[in-house]
Amino acid sequence: MPKDGIGASTKRREDVRFLTGTGRYTDDINLGKQLYVHFLRADVAHARINGIDTSAAEGMPGVVRIFTAKDFEGVGGLPCGWQVTDKHGQPMQEPKHPIIAEGKIRHVGEIVAAVVAETLDQARDAAEAIMPDLEELPAVVDMKEAVREGATKVHDDLTSNLCYDWGFVEENKAAVDEAFEKAAHVTTLELVNNRLVANPMEPRVAVGDYAAHSDESTLYTTSQNPHVIRLLMGAFVLGIPEHKLRVVAPDVGGGFGTKIFHYAEEAFCTFAAKQLRRPVKWTSTRSEAFISDAHGRDHVSKIQIALDADNNFTALRTDTYANMGAYLSTFAPSVPTWLHGVLMAGNYRTPLIYVNVKAVFTNTVPVDAYRGAGRPEATYQLERCIDKCARELGVDPAELRRQNFITPDQFPYATPVAVEYDTGNYHATLDKALELADVAGFEARAEESKRTGKLRGLGIANYIEACGIAPSNLVGQLGARAGLYESATVRVNATGGVVVMTGSHSHGQGHETTFPQVIADMIGIDASQVEIVHGDTANTPMGMGTYGSRSLAVGGSAMFRAAEKVINKAKKIAAHLMEASEGDIELKDGQFTVAGTDKSVAWGDVTLAAYVPHNYPLDQIEPGLEETAFYDPANFTYPSGTYICEVEVDEGTGQVEVLSFTAADDFGNVVNPMIVEGQVHGGVAQGIGQALLENCAYDADGQLLSATYMDYAMPRAADLPMITVDHSCQTPCTHNPLGVKGCGEAGAIGAPPALVNAVLDALNRNGHAVDHIDMPLSPARVWSAMNA
Amino acid sequence: MKVTMTVNGKSMSGEAEGRTLLSSFLREELGLTGTHVGCDTSQCGACTVHVDGRQVKACTMFAAEAEGTDVTTIEGMANADGSLNTIQQAFQDYHGLQCGFCTPGMVMAASSLLEQNPKPSETEIREHLHGNICRCTGYHNIVKAIMAASGQDVPAVAAE
Amino acid sequence: MYNFEFVKPSSVDEAVAALKDEDAQPLSGGQTLIPTLKQRLNQPSRLVSLLGIADLVGLSESGGEMTIKGATNHATVAAEAASSFPGLAALAGKIGDPAVRNRGTIGGSIANNDPSACYPAAAMACQATIVTNTREIAADDFFEGMFATALDEGEIVTAVRFPVPEASNYQKFEQPASRFPLTGVFVAKYADRVGVGVTGASNDGVFRWKEAEEALASNFSPDAISGLTVPADDMISDLHGSAEYRAHLVKVLTGRGVAAC
């Protein structure tokens, strides 16, 4: 096996450029004769636009052109990639999402006008001279108010603010209700999954360019999926065919979901560059990011679990209001439905489940997928409710969970919410986490905390997630307007080196290191002989990009299939060179051998023959060694795990300190343990951030209160403990060739309930009878709960 | 106005307005794009550089204020032969970066810490990174990398 | 931000002259001013940097008083006051982050009087004297509510003079996002009195909790304030904490500060 093959903690090759300041992020790109755009954004949440006077601004120094909605009359709106069908079989309500506000402003931050000028300061100066004539309207912010009869409508042309009312599985509803009537115990919990801002450290950037000589447009953008942007923007917004449009996402400084979506600024820069025949650049400030990047989560839910007299879960039902914001962002409708409802079984055998989701329009920034996307919302409800249930019943929360686990012998397991888990071993991760977190020693530690005046608590949460999205035929039935395969071209050069062109995109995940490990393993060459190309539609095959922990499971599988094709062809060549039968050829450690003989030929000799086909079976195969594969998964993958958090609460101030965090995950096979652990660290940190710190809050007028880092609390180094991670419990995925499941989102899914459960444990075991505190568990909220 | 400073050991000049930030001057005037800008409220620290040997946020200082100073950016951190310096190498060895965007600031902050405090504790490292936000790593491996760069034992975390 | 003229004089007199221009403003470390300028919330015609004035930098101690020149940065105070005035050094060492502490200055902090700034709490508790280019002002008279001070246009804080207490402690309870104090309390114990300065909590900016000062003067222990309550009426209520919570924190932090002295 090569030293940097599957299973090796190979150091990341991409680090060298990032550590020396030679990375190339979108904002590092400056094109000749480049112009700058500044967007005049709405500072009110809801208003009718009676007119916009740009005359004073037009004459200002450096101004090249000012764009308003009327300049986009022939241009499409930003498309939504998923159509959800409601419980009556009707399609969701789908308003137009214009590039620049048409007729009405619907959220703070919406683009009202765009100033293109020679310098950014000139554009910004001129924007201040634009006078929109606005008639302010009442803002719709609270979801339950929004769907009340007679509420102000965000979109005048829709029947109401209800995007859809989704029931799943509608046919099960009566049986679920009946089970609740027969239950020996019912636990009910109402909770909020707080609105978040993804906050990758690199703000979004777009640079549009147009080449008149070839009539080709190019967009450089901070995207997780350049091909998706090319398709959406080209086909639905600007009407540019793919062969005249190139989208490049170079080094991207984090995504976490919010760089999946197609944004107005991308379409604007591409459009304006063609109109003006000069490159147009936009760089978001962080303040702009808060009011223009799609937000995440924002669910208000009520969950109930029914149990029989032996504490077996017999039924579960949940009602959720899901905030869509003012418009439907690219994948927004799918998040509270197909990424949330279908995960409500969790790790448990609950036989009857009914999920209702009402998606609601409000005068807020659009809400879409953020790390975990739907699965954290499902897990949080379930794991919080089970914890409350254990407290009500006076039983050990770990044991109540264990009792209701799907058992290892039940896989594949079909849940009552339409998915089939292929593999898993929930007992194993629970046991591993209990051991690593030294739960047995907790009581002694709690006593020690008491002596120092602190309240100590321990919280457990399990999670299951559906990753590796997804079988295209399945998601097509569910309303996806895209396929969700992935692609790869494996090009072998004459001297034996390999270039993999993947549709996946790395923005921190380390594909440039891990993907070569797989190829190195398959061929038996050194990983340094393999190069990964990604992020440019001009030199990668059509692929769907990176999100939903799918890169290795789907993109890696595509690469595996393409490499298999390459190897099969290479074996044919080797057979010819060794005058042997193709069926007897084996490839190991970079050598082709003939079974049962001492004949061999090196990988490099075969690849050279492929390109210098002097002695070559030209009558049977073509020269060259390059193959492409598109991989469409047969099922989701289902990573799972158990997370344990230990906290201390300062009774005087309500301050929570996270003392330790343990994550025992089952990701199936692991290609690079170092990178997998790093993904868990980061996910857990974001989960702790959601549970303890982060809160995207609006006031009743639709003004964003947490609009900068002065009010949106980001986790910092001193807020977090060292994180204990384990991935030794491995039940490999049964349906992809690598047996991998995906690890990017797990931490963000499992951490919030573990932490909140720990804080409530600390309070309840120390005489504060508190059922629930909504995230984030800020000192003020915890103190208020203790002193209610 | 013309502004002149020593950047990574070389005297460099460029044009600046009064309002030109040091971060913009480095990125746009001098083409040193390794210094990143991640916020506009002086909190994220992606723009951290050294001015006269002390770490500052290049986005919260005017280029004109750096007139005549000695500035070090991430581009000036590698060894003379181009290889990664001790801190940079430790970041790679311990996977102290993912997307790489905050990384220049982290390296500059870490280097400043180790100059003042060659053997910092885990707590001191975390405190020193107060003004450097990372969204990818949970800081876990950054702390380990700085520990390692200081020649100390890296904290053992179970199951690793 | 809007453009302006940048000047960097080398003496206080030159700075004062440069500030005579209408809409000219002094620039010290700029750690608060520059973010404000970026938001276009301020439009100076000229910024007069005070950091080139050698006379404005340094600490000295004599006769039980510590004098810190206006353009001395927080890192310098944290290092150089550590042995003689550890409470103040610790306060300076927790302002912002290391980069901010290398630029931000005591004069800038005092002159700006941000309602969540740290130094004003110490200045109030210690009954410090604010020295300007024209006069000396008692801390009690200097701070006039959020972002408001007794400074005239063009007047520069050249130094702050603290009577060094027997013991002191700063309790900073951070707002989770900005990490400025949600509430901060500086306790200073002198032979004849106790000072309690509170920042971050009140709509009126920094204040002295005089009831606590009186109670602690006769009994310097956390018990002395256990019977007191801080009225919530004038406290700030926002996303990060209610007025009642801040009022509660003032008392908790004062008790902890006393215990730590």
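Residues numbered from 1 in each chain as written. Chains lettered and ligands numbered in written order. Predicted model: local features only at pLDDT ≥ 70, side-chain atom pairs only at ≥ 80, totals over all residues. Heavy atoms only, no water.

## Re the interface of chain B and chain A
For the record, the criterion: Contact criterion: two residues are considered in contact whenever any of their non-hydrogen atoms come within 4.5 Å of each other. Note: buried area is the sum, over both parts, of the accessible area (probe 1.4 Å) each one loses when the two are combined. We define a salt bridge as a contact between a side-chain nitrogen of Lys or Arg and a carboxyl oxygen of Asp or Glu at a distance within 4 Å. As used in this structure description, the phrase polar contact means that two N or O atoms lie within 3.5 Å; if the pair is within protein, one of them must be able to donate a hydrogen and the other to accept it, and residues adjacent in sequence are counted only when both atoms belong to side chains. Note on conventions: DSSP H or I runs of at least 4 residues are helices, E runs of at least 2 residues are strands, and numbering of each starts at the N terminus. Note on residue categories: nonpolar means Ala, Val, Leu, Ile, Met, Phe, Trp, Tyr, Cys or Pro, charged means Asp, Glu, Lys or Arg, and polar means any other residue, Gly included.
Every contact between the two is made by 53 residues of chain B and, on the other side, 57 residues of chain A. Buried area between chain B and chain A, both sides added, is near 4500 Å², and the carbon and sulfur share of it is 57%. Counting every contact that joins chain B to chain A gives five salt bridges. Joining chain B to chain A, the criterion identifies 25 residue pairs in polar contact (both at pLDDT 80 or more). Broken down by secondary-structure element, the contributors of at least two residues to the side of chain B that touches chain A are α2 (86–93), α3 (103–116), α4 (122–128) and α5 (140–149) of chain B. In terms of residue count, α2(B) provides more of the side of chain B that touches chain A than any other element does, five residues in total. Of the residues belonging to the side of chain B that touches chain A, the class tally is 22 nonpolar, 19 polar and twelve charged.

## Remarks on the UniProt feature "domain: FAD-binding PCMH-type" (unreviewed entry) in chain C
This is how it is decided: UniProt positions are given in the numbering used here, feature names are shortened, and annotations may be inferred rather than shown by experiment.
The UniProt record marks residues 1–167 of chain C with the feature "domain: FAD-binding PCMH-type" (unreviewed entry), using the residue numbering of this structure. Measuring from the first to the last C-alpha atom of residues 1–167 of chain C gives 44 Å, for a span that is 31% helix and 21% strand.

## Thoughts on the domain arrangement of chain C
Threshold: For each domain, the first and last residues come from an automatic or database assignment.
Per the domain assignment, the segments making up chain C are domain 1 (5–49), domain 2 (57–163) and domain 3 (167–260). Centre-to-centre separation of domain 1 of chain C and domain 3 of chain C, based on C-alpha positions: 33 Å.

## Concerning the pairing of strand β3 (residues 46–49) of chain C
Residues and elements named next belong to chain C. As a reminder, the rule being used: Between buried and exposed lies partly exposed: a residue is buried under 20% and exposed over 50% of the maximum accessible area for its type, with that area taken using a 1.4 Å probe on protein chains only. In this analysis, strands are considered paired if DSSP registers two or more bridges between them. A crossover counts as right-handed when, viewed with the strands pointing away from the observer, the path leading from the first strand over the helix to the second turns clockwise.
The two faces of β3 match: Arg46 and Val48 on one face and Leu47 and Ser49 on the other face are all buried. Of the strand pairs in this sheet, strand β1 (residues 5–7) and β3 are connected by three bridges, and their pairing is parallel. Within β3, the residue paired with Val7 across the bridge is Val48. Direction of pairing for strand β2 (residues 24–27) relative to β3: parallel, over a ladder of four bridges. Looking at β3, one finds that Leu27 is bridged to Ser49. The parallel pair β2 and β3, bridged by helix α2 (residues 33–38), forms a crossover whose chirality is right-handed.

## With respect to the environment of Thr337(A)
All names here are of chain A. If you trace the backbone, Thr337 turns up in the loop between β14 (313–325) and β15 (353–361). Once the C-alpha coordinates of Thr337 and Val84 are considered, the two residues, 253 residues apart in sequence, prove to be 8.0 Å apart. Apart from the residues within four sequence positions on either side, Thr337 is in contact with Val84, Tyr164, Trp166 and Val342.

## Description of a negative patch on the surface
Residues and elements named next belong to chain C. Stated formally: Each patch is built from residues lacking any salt bridge and having more than 30% relative accessible area; the joining distance is 9 Å for like charges and 5 Å for nonpolar side chains (Val, Leu, Ile, Met, Phe, Trp, Tyr). Surface accessibility in these figures is a Shrake-Rupley result with a 1.4 Å probe; residues are shielded only by whichever protein chains are displayed. Counting rule for charge: Lys and Arg are taken as positive, Asp and Glu as negative, and neither His nor the chain ends is counted. Charge coordinates come from a single atom per side chain, which is NZ of Lys, CZ of Arg, CG of Asp or CD of Glu.
On the surface, a cluster of negative charge is contributed by Asp21, Glu22, Asp23 and Glu153. As for its position among the elements, Asp23 is in the loop between α1 (12–18) and β2. On the basis of relative accessible area, Asp23 is assigned to the partly exposed category, the value being 48%.

## Some thoughts on the pattern of salt bridges
Residues and elements named next belong to chain A. Evaluation of the coordinates by the stated rule reveals 69 salt bridges over all chains. A salt bridge links Lys96 to Glu102; the nearest nitrogen and oxygen atoms lie 2.9 Å apart. The exposure class assigned to Glu102 is partly exposed, which follows from its relative accessible area of 31%. Where Glu564 meets Arg561, a salt bridge forms, and the shortest distance between an N and an O atom there is 3.3 Å. One end of the pair, Glu564, and the other, Arg561, are both in helix α15 (residues 551–577), three residues apart, so they sit about a helical turn from each other. Put simply, Arg41, Arg204, Glu265, Glu288 and Asp293 are held in one network by salt bridges that share partners.

## Let's talk about the packing of helix α9 (residues 375–393) of chain A against helix α18 (residues 746–764) of chain A
When two helices pack together, their arrangement is captured by the angle between the axes and the distance separating the axes. All names here are of chain A. Worth spelling out the cut-off: Under this scheme, a helix contributes an axis fitted over its contacting stretch, all axes are lines through C-alpha atoms, and angles between N-to-C directions fall in the 0 to 180 degree range. We call two directions roughly parallel when the angle between them is under 35 degrees, roughly antiparallel when it is over 145, roughly perpendicular when it lies between 65 and 115, and oblique otherwise. Handedness of a crossing follows from how the near helix is turned relative to the far one, being left-handed for an anticlockwise turn of less than a right angle and right-handed for a clockwise one.
Two elements in contact, α9 and α18, have axes whose closest approach is 8 Å; the angle formed by their N-to-C orientations is 25°. With respect to α18, the axis of α9 lies roughly parallel. Judged by the twist between their axes, the crossing of α9 over α18 is right-handed. The residues of α18 that touch α9, namely those facing Arg375, Pro376, Thr379, Tyr380, Glu383, Arg384, Asp387 and Arg391, are Ala748, Ile749, Pro752, Pro753, Val756, Asn757, Leu760, Asp761 and Asn764.

## Section: the domain arrangement of chain B
All names here are of chain B. Here chain B is partitioned into domain 1 (2–76) and domain 2 (86–149). For domain 1 versus domain 2, the separation of C-alpha centres amounts to 21 Å. Contact residues are listed per partner, giving 17 residues for domain 1 and 16 residues for domain 2. Where domain 1 abuts domain 2, roughly 1200 Å² becomes buried across the two surfaces, and 56% of that area is made up of carbon and sulfur atoms. Taken as a group, His50, Gln55 and Ile74 account for 41% of the area that domain 1 buries against domain 2, more than any other trio of residues on that side.

## Here's the deal with helix α10 (residues 397–404) of chain A
Residue and element names in this part refer to chain A. We count it as follows: Within this analysis, the arc is defined by the directions that extend from the helix axis to the C-beta atoms.
All of the buried residues in α10 are Ala398, Leu400, Arg401 and Asn404. Seen along its axis, α10 keeps its buried residues to an arc of 165°; they face one direction. Looking at the buried side of α10, the elements it contacts are β13 (295–307), β14, α9, α11 (426–436), β19 (454–464) and α18.

## Focus on the interface of chain A and chain C
On the chain C side, the residues contacting the 26 residues of chain A number 21 residues. In total, about 1900 Å² of surface goes out of reach between chain A and chain C, with carbon and sulfur atoms giving 51% of it. At the surface where chain A touches chain C, the tally comes to four salt bridges. Asp650(A) serves as the salt-bridge partner of Arg256(C), at 2.7 Å between the closest nitrogen and oxygen.

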